[in-house]
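What follows is the residue order along each chain.
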Amino acid sequence: MSERRRLRPSFAIGEVRVRAGSRREVSLPISRLVTGAEVSLPVHVLHGREDGPTVWVNAAIHGDEVVGIEIVRRVMGQLDPRRIRGTVIAVPIVNVLGVMTGDRYLPDRRDLNRSFPGSARGSLAGRIAHLFMQEVIAKCDVGIDLHTGSDRRTNLPQIRCDLEDPRTRELAEAFGAPVMYHARLRDGSLRSAAREAGARVLLYEAGEAWRFDEWAILPGVDGVLRVLATLGMIDPPEPAVDPARPSDVCWRSGWVRARRTGIVHMDVALGQHVKEGDRLGELFNSFGKRLAIVKADRTGVVIGRSEAPLANRGDALVHLGELGETHGSAVGSGQQQGADQQRSEQRDLGGGTEDIPGHPAQRPSRPGTDQQGGESGGEQQREGEDPDPGSGEAGAGPGGRTAAHRRHQHPGP
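Only a predicted model underlies this, so the values are computations on that prediction, with no experimental measurement involved.

Chemist: Help me understand the overall build of the protein chain in this model?
Modeler: When helices and strands are tallied, the protein chain shows ten helices and 19 strands. The buried share among the 413 residues of the protein chain stands at 57%. Taking all contacts inside the protein chain whose residues are at least 6 apart in sequence as the whole, residues at least 24 apart take part in 73%. Accessible surface computed for the protein chain: about 17800 Å², of which carbon and sulfur atoms make up 47%.

Put into structure tokens, the structure is as follows:
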């Protein structure tokens, strides 16, 4: 039998068919600008000669999240369609209009990651979501959704996924991010719609909006390649000189919030392990007087933080993930689970900052009237945003490198 007959069938996407052993750039029409110019979804397809899984990698579902765009560029530069087994679909920019205008959301202010699975006759966000579902997700077995923080927050490189699913956890462990965070599915998110369609999804969070943070890009590139190798689509990447240690596992998390309005000075870096009561930073007034000490309200690892120099009362400052090796030890069951949740809520209501004695108007928070705590538990996390409005958290250490990155030392592409 000739080699031509042994080749896989071509891969259909949109009105294009991609031959086995080749790559193709495809533009899927979305809409038109007022000038009449067409707006299209950019898709790169690498269709291998040999059979294997079909995997998609997407970025910029929020228009200000550019780290993933660079991750996709570097990954695609290392893949050869003549050698991969299976098919890779890469969508470097999902929210095309948002990236064009420098906006997180679409022109109608809708969050694309709350609009899945969408509708062919719905809003602009719904139509884009529907197109992505039909042309990309419906054809794939596994997906990697790339995100960053936003709203002056930055994230420690982390994988958010369903850790209760053994296959998903296996892929998350293969990715090798500093942290794996159990996040329940959220209605309207890409991850939720994809899981409903039968695909397994890893959501990668790292870095800050509108920044190419190298410490966020490198783990993402390495992680995507490791997942493809675990799926048998490529040969294993060259081993790192200093292999990454196993990921920390978080089953719950919460924000430490400001109980005073003031100027913020943070003392913790991303990836830093803290204990309950540890000092995280301070709040000052404009005259330089210290108003409050920011303290950890739980033991865990810093998975995100605010980069804003000013904070209003109630603003999220530091995102702490509670560490646990197993779901049983981290969450418990029955009455123990309820007790753990109650303690978590009580900590959240406390706020996590300590007012300086003698300062006026020092009254403790009362549940239901002054809730300063962060959201705890993956079920409260906002998909692809941080568990807090606006997603984005992660403080860089000296020289723009996080504590976790210094420990992992991911190799370059």
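Chemist: I'm lost on the pattern of salt bridges in this one. Help?
Modeler: Any two side chains of opposite charge can pair, given that their charged atoms come close. All chains considered together, the criterion is met by 28 salt bridges. Here Asp51 and Arg8 are joined by a salt bridge, their closest N and O atoms 3.1 Å apart. With Asp51 in strand β5 (residues 50-58) and Arg8 in the loop between α1 (3-6) and β1 (11-13), this residue pair connects regions lying 43 residues apart in the sequence. The exposure class assigned to Asp51 is exposed, which follows from its relative accessible area of 63%. For Arg8, a relative accessible area of 15% gives the class buried.

Chemist: I'm lost on the pairing of strand β16 (residues 300-306) in this one. Help?
Modeler: Burial analysis of β16 places seven of its seven residues in the buried class, the great majority of the element. Summarising the sheet, strand β8 (residues 153-161) and β16 pair through three bridges and their orientation is antiparallel. If you follow Arg153 over to β16, its bridge partner there is Ser306. Where strand β13 (residues 273-274) lies against β16, two bridges are found, and the strand directions are antiparallel. Its bridge partner being in β16, His273 is matched across the sheet by Val301. With four bridges connecting them, β16 and strand β18 (residues 316-323) associate as antiparallel partners.

Chemist: Would you mind showing me how to read the environment of Asp315 here?
Modeler: Along the polypeptide, Asp315 turns up in the loop between β17 (310-311) and β18. Excluding its chain neighbours within four sequence positions, the residues that come into contact with Asp315 are Val256, Arg257 and Ala258.

Chemist: Got a minute to help me understand helix α5 (residues 166-175) in this structure?
Modeler: Turn by turn, an α-helix covers 3.6 residues, leaving residues three or four places apart pointing in a common direction. Where α5 is concerned, the buried positions are Thr168, Arg169, Leu171, Ala172, Ala174 and Phe175. As for α5, its buried residues are in contact with β7 (142-147), β8, β9 (179-182), β10 (200-208), α7 (214-230) and β11 (248-257). Positive backbone phi, at 80 degrees, marks Gly176, one or two positions downstream of α5.

Chemist: Honestly, the packing of aromatic side chains in this entry has me stumped. Any pointers?
Modeler: Centre distance and the angle of the planes are the two values used to describe a pair of aromatic rings. Taken as a whole and judged by the stated rule, the model has three aromatic pairs. Relative to Phe132, the ring of Trp56 lies with its centre 6.4 Å away and its plane at 85 degrees, an arrangement referred to as edge-to-face. One end of the pair, Trp56, is in strand β5; the other, Phe132, is in helix α4 (residues 124-135), with 76 residues separating them in the sequence. Both residues of the pair, Trp56 and Phe132, count as buried. Between Phe116 and Phe132, the aromatic rings sit 6.3 Å apart at their centres with planes inclined by 85 degrees, giving edge-to-face as the arrangement. Residue Phe116 is located in the loop between α3 (96-101) and α4, and its partner Phe132 is located in helix α4; the two are separated by 16 residues in the primary sequence. The pair formed by Phe116 and Phe132 is uniform in burial state, with each residue classed as buried.

Chemist: What is the right way to look at the nonpolar core in this model?
Modeler: A general feature of soluble globular proteins is that nonpolar side chains tend to end up buried together. Within the largest apolar cluster, 69 residues are counted, with the highest numbers of intra-cluster contacts made by Ile71, Leu79, Phe175, Leu280 and Val318. Per-element accounting of this core gives the leading share, nine residues, to α7. Apart from residues no more than four positions distant in its own chain, Leu280 is found in contact with Val256, Met266, Asp267, Val268, Val274, Val294, Lys295, Ala296 and Val318. Core analysis: the next-biggest nonpolar cluster, separate from the first, contains 34 residues, Val26, Leu28, Val43 and Val91 among them.

Chemist: What is the right way to read the packing of α5 against α7 from this model?
Modeler: Packed helices, taken two at a time, are described by the angle their axes make and the gap between the axes. Two elements in contact, α5 and α7, have axes separated by 7 Å at closest approach and are oriented at 135 degrees. As far as their axial angle goes, α7 and α5 are oblique. The handedness of the crossing between α5 and α7 is right-handed. From α5, Glu170, Leu171, Ala174 and Phe175 reach across to α7, where they touch Pro219, Gly220, Gly223, Val224, Arg226, Val227 and Thr230. Looking at the contact of α5 with α7, its residues break down into six nonpolar, three polar and two charged.

The rules we used
- Residues numbered from 1 in each chain as written.
- Predicted model: local features only at pLDDT ≥ 70, side-chain atom pairs only at ≥ 80, totals over all residues.
- Heavy atoms only, no water.
- Helix = DSSP H or I, 4+ residues; strand = E, 2+ residues; numbered from the N terminus.
- Buried < 20%, exposed > 50% of the residue type's maximum accessible area, 1.4 Å probe, protein only.
- Contact = heavy atoms within 4.5 Å.
- Areas by Shrake-Rupley, 256 points an atom, 1.4 Å probe, with all protein chains shown as cover.
- Salt bridge = Lys/Arg side-chain N within 4 Å of Asp/Glu carboxyl O.
- Pairing = 2+ DSSP bridges.
- Phe/Tyr/Trp six-rings, centres within 6.5 Å; stacked < 30°, edge-to-face > 60°.
- Core = buried A, V, L, I, M, F, W, Y, C linked by side-chain atoms within 4.5 Å.
- Axes fitted to C-alpha atoms, helices over the stretch in contact; angles between N-to-C directions.
- Parallel < 35°, antiparallel > 145°, perpendicular 65-115°, else oblique.
- Left-handed = near helix turned anticlockwise from the far one by under 90°.
- Nonpolar A, V, L, I, M, F, W, Y, C, P; charged D, E, K, R; others polar.

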